[in-house]
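This is what each chain is made of:
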Amino acid sequence: QVQLVESGGGLVQAGDSLRLSCAVSGRSFSSFAMGWFRQAPGKEREFVAAISRSGGTIYYADSVKGRFTISRDNAENTVYLQMNSLKPEDTADYSCAARTGDLATRLPDYYDYWGQGTQVTVSS
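Residues numbered from 1 in each chain as written. Predicted model: local features only at pLDDT ≥ 70, side-chain atom pairs only at ≥ 80, totals over all residues. Heavy atoms only, no water.

Asks: What is the right way to read the state of the cysteines from this model?
Replies: Throughout this description, disulfide means a covalent bond between two cysteine sulfur atoms. Here the structure, examined in full by the defined rule, presents 1 disulfide. With a sulfur-sulfur separation of 1.9 Å, Cys22 is cross-linked through a disulfide to Cys96. Taking the sign of the S-S torsion, about 55° here, the bridge from Cys22 to Cys96 comes out right-handed. With Cys22 in strand 3 (residues 18-25) and Cys96 in strand 9 (residues 92-100), this pair connects stretches of sequence that are 74 residues apart. Cys96 shares its class with Cys22; the two are buried. (Disulfide = S-S within 2.5 Å. Helix = DSSP H or I, 4+ residues; strand = E, 2+ residues; numbered from the N terminus. Buried < 20%, exposed > 50% of the residue type's maximum accessible area, 1.4 Å probe, protein only.)

Asks: In this structure, what is going on with the pairing of strand 5 (residues 46-51)? I would like to understand it.
Replies: Look at any regular strand and the pattern is simple: side chains alternate between the two faces of the sheet. The buried count for strand 5 comes to 5 of 6 residues, which makes it a mostly enclosed element. The sheet contact formed by strand 4 (residues 32-39) and strand 5 spans 5 bridges and is antiparallel. Pairing of Met34 across the sheet is with Ile51, part of strand 5. From the end of strand 4 to the start of strand 5, which pair antiparallel, there are 6 residues, and Gly42 there has a positive phi angle of about 80°. Across 3 bridges, strand 5 lies against strand 6 (residues 58-60) in antiparallel orientation. When the bridges of strand 6 are listed, Ile51 appears paired with Ile58. Turn length for the strand 5-strand 6 hairpin, with the two strands adjacent in sequence and antiparallel, is 6 residues, and the turn residue Gly55 shows positive phi of about 85°. (Pairing = 2+ DSSP bridges.)

Asks: Hey, could you run me through the packing of aromatic side chains in this one?
Replies: Centre-to-centre distance and the angle between the planes together describe a pair of aromatic rings. Tallied over the entire structure, the rule returns 5 aromatic pairs. Judged by centre distance (5.0 Å) and plane angle (50°), the ring pair of Phe37 and Trp114 falls under tilted. Here Trp114 lies in strand 10 (residues 113-114) and Phe37 lies in strand 4, a separation of 77 residues in the sequence. The exposure class of Phe37 is buried, given its relative accessible area of 1%. When its relative accessible area of 27% is taken as the criterion, Trp114 is described as partly exposed. One Lys or Arg, Arg45, reaches over the ring of Trp114 and ends 4.2 Å from the middle of that ring. The ring of Phe29 carries the charged tip of Arg72 above its face, separated from the ring centre by 4.4 Å. (Phe/Tyr/Trp six-rings, centres within 6.5 Å; stacked < 30°, edge-to-face > 60°. Lys NZ or Arg CZ within 6 Å of the ring centre and 35° of its normal.)

Asks: Please clarify how the pattern of salt bridges should be interpreted in this entry.
Replies: Close approach of charged atoms allows side chains with opposite charge to pair. This model, assessed by the stated rule, comprises 5 salt bridges. Here Asp102 makes a salt bridge to Arg53, at a shortest N to O gap of 2.7 Å. Within this pair, whereas Asp102 is found in the loop between strand 9 and strand 10, its partner Arg53 is found in the loop between strand 5 and strand 6, the two being separated by 49 residues in sequence. Take Asp102: its relative accessible area is 43%, and that puts it in the partly exposed class. Taking the relative accessible area as the measure of exposure, Arg53 reaches 32% and is therefore partly exposed. (Salt bridge = Lys/Arg side-chain N within 4 Å of Asp/Glu carboxyl O.)

If you want it as structure tokens, here you go:
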């Protein structure tokens, strides 16, 4: 059974940084492309970032480009989301997702497994 567990969320002030982690178990992490998505109250789920299985292809949402960095450590079975220069509009529940195969994608329907999420709240 594949499990994804996020950690690292919290309450921060605008301009601060956070690093989210997503640990994957139950299957070889290196078999997955990975993604991060977020959902704010009353809004639809939004793509944040994705990384291919090899790490060679990375996508970002325009709203986070230049501030957020996705990375993966296949030895640690973990994908990270480094978030810098946080803004109040980044406040959301952040979830990681795993997709079997090589290719990263912005589309949530292509992901096979999801974590429970971790809350990020950015105060102004």
